[in-house]
Amino acid sequence: MLHRRTVGDVMTEEVVTLRPNTPIQEVAALLDANDIVAAPVVDEVGAPVGVVSASDMLRHEAGMPDPQGQHGNDERAWGKARARTADALMSSPVFTARADWTIPRAARELRRLHVKQLPVVGDDGLLTGIVSRSDLLDAFIRSDVEIRSEVEQDVLGRILGLDEGTVAVEVHDGVVTLRGHVPEPRLVPVVVGLCQGVDGVVAVDAHLAATRQG
């Protein structure tokens, strides 16, 4: 099997965290000093209970609730605007990810939830890291050399057991071009499918023939 990179491979393990009673002034200073757009709020044992984002801070500074009006008449929204500590300002309940999630699954969750990052928790529910959109994007931005090496060594060599040089591999801007021969016709779609599953591959252009027909 190909090694599919997971959230655990790309997440940030050193996480700036807040406590529920962290003063708002300290929240703002931590976000600014660490150049981050959000920080999870954790309880006394390290389990995330909410998230405070830069947009939360901006709304607080403006003294206004959600500018999109989604919660403009909600007392909770006005309470956040008047918050003095992290627990009054944070978004809760908190949505979390797991380290064993695949990159596509995490990306889908970020999109579904309309958030830019997710705290990552272990089996015990305690915080182990945080994963952001940029972390996931970086997983797909790989050099052509890296992609070619994985296709040649893992797909063609380790998984399919093809002799070196049987299939020539070229990669340009993430597009994989294959030229050569495979033992049987049924292997052509298999090769293409495996190559498409390699992180960073944009498309596969296969020019493969079978040495044995039928």
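In this text the structure is predicted, and so the values were computed from the model without any measurement.

Asks: Can you walk me through the overall build of the protein in this structure?
Replies: Within the protein one finds 9 helices and 8 strands. Counting contacts in the protein only where the partners sit at least 6 residues apart, residues at least 24 apart contribute 58% of the total. A total accessible area of about 12400 Å² is found for the protein, and carbon and sulfur atoms account for 51% of it.

Asks: I tried to follow the pattern of salt bridges on my own but got confused; where do I start?
Replies: Side-chain pairing between opposite charges can occur once the charged atoms of the two side chains come close. One pass over the full model with this rule turns up 8 salt bridges. Its salt-bridge partner being Asp199, residue Arg5 comes within 3.3 Å of it at the nearest N-O pair. With Arg5 in the segment before α1 (7–10) and Asp199 in the loop between α9 (187–196) and β8 (203–210), this pair connects stretches of sequence that are 194 residues apart. A relative accessible area of 24% means that Arg5 is categorised as partly exposed. The class of Asp199 is buried, set by a relative accessible area of 7%. For Arg148, the salt bridge identified is with Glu152, shortest N-O distance 3.0 Å. Within this pair, Arg148 and its partner Glu152 are both found in helix α8 (residues 144–159), separated by 4 residues, close to a single helical turn. Assessed through its relative accessible area of 32%, Glu152 is described here as partly exposed.

Asks: Could you clarify how one ought to interpret the sheet that holds β8 in this entry?
Replies: Adjacent strands of a sheet pair through backbone hydrogen bonds, lying either parallel or antiparallel. The 3 strands lie next to each other as β6-β7-β8, forming an open sheet whose pairing is mixed. Each of the sheet's edge strands pairs with one partner strand only, and the pair in question is β6 (167–172) and β8. Taking each pair of neighbouring strands and ignoring which way they run, the sheet shows an average axis angle of 5°. Pairing of β6 with strand β7 (residues 175–182) involves 6 bridges; the strand directions are antiparallel. The residue of β7 that forms the bridge with Glu170 is Thr177. Along the sheet, α8 contacts β6 and β7; its crossing angle with β6, the most-contacted strand, is approximately 155°. Packing of α9 onto the sheet brings it into contact with β7 and β8, and relative to β8 it is tilted by some 155°.

Asks: I'm lost on unusual backbone geometry in this one. Help?
Replies: Where the residue is not glycine, phi is negative for most of them; where a peptide bond is considered, it is trans in most cases. In this model, Ser92 is joined to Pro93 through a cis peptide bond whose omega is 5°. Relative to the elements of secondary structure, Pro93 occurs in the loop between α5 (86–89) and β3 (97–98). Unusually for a residue other than glycine, His114 sits at a positive phi of about 60°. With respect to the helices and strands, the residue His114 is situated in the loop between α6 (103–113) and β4 (117–121). Residue class for His114 comes out exposed when judged on its relative accessible area of 68%.

Asks: Can you help me understand the nonpolar core in this one?
Replies: In a soluble, globular protein the nonpolar side chains are often hidden away together inside. By size, the foremost hydrophobic cluster in this structure holds 19 residues, and its most contacted members are Val151, Leu156, Val176 and Leu178. Those elements giving two or more residues to this core turn out to be α8, β6, β7, α9 and β8. Counting 14 residues, the second-largest nonpolar core is a separate cluster that includes Ala97, Ile103, Leu136 and Ala139.

Asks: What is the right way to read the pairing of β6 from this model?
Replies: Burial along β6 is one-sided: the residues Val167, Val169 and Val171 are buried and none of Ala168, Glu170 and His172 is. Counting the residues between successive antiparallel strands, the hairpin from β6 to β7 contains 2 residues, one of them, Asp173, with a positive phi of roughly 55°.

Asks: Teacher, can you tell me more about α9 here?
Replies: An α-helix turns once every 3.6 residues. As a result, residues three or four positions apart point the same way. All buried positions along α9 are accounted for by Leu187, Val191, Val192 and Cys195. The arc that holds the buried residues of α9, viewed along the axis, is 140°, so those residues lie on one side. Every exposed residue of α9 that faces more than 90 degrees away from the buried side is listed here: Pro189 and Gln196. Each element contacted by the buried residues of α9 is listed here: α8, β7 and β8.

Asks: I'm lost on the packing of α6 against helix α7 (residues 133–140) in this one. Help?
Replies: Describing two packed helices takes the angle between their axes plus the distance from one axis to the other. Two numbers describe how α6 lies on α7: the axes approach to 10 Å, and their chain directions differ by 145°. Taken as a pair, α6 and α7 cross one another with a handedness that is left-handed. Along its contact with α6, which presents Ile103, Pro104, Ala106, Ala107 and Leu110, the element α7 presents Arg133, Leu136, Ala139 and Phe140. Of the residues contributing to the contact of α6 with α7, the split by class is 8 nonpolar, no polar and 1 charged.

Cut-offs used in this document
- Residues numbered from 1 in each chain as written.
- Predicted model: local features only at pLDDT ≥ 70, side-chain atom pairs only at ≥ 80, totals over all residues.
- Heavy atoms only, no water.
- Helix = DSSP H or I, 4+ residues; strand = E, 2+ residues; numbered from the N terminus.
- Contact = heavy atoms within 4.5 Å.
- Areas by Shrake-Rupley, 256 points an atom, 1.4 Å probe, with all protein chains shown as cover.
- Salt bridge = Lys/Arg side-chain N within 4 Å of Asp/Glu carboxyl O.
- Buried < 20%, exposed > 50% of the residue type's maximum accessible area, 1.4 Å probe, protein only.
- Pairing = 2+ DSSP bridges.
- Axes fitted to C-alpha atoms, helices over the stretch in contact; angles between N-to-C directions.
- Core = buried A, V, L, I, M, F, W, Y, C linked by side-chain atoms within 4.5 Å.
- Arc of directions from axis to C-beta.
- Left-handed = near helix turned anticlockwise from the far one by under 90°.
- Nonpolar A, V, L, I, M, F, W, Y, C, P; charged D, E, K, R; others polar.

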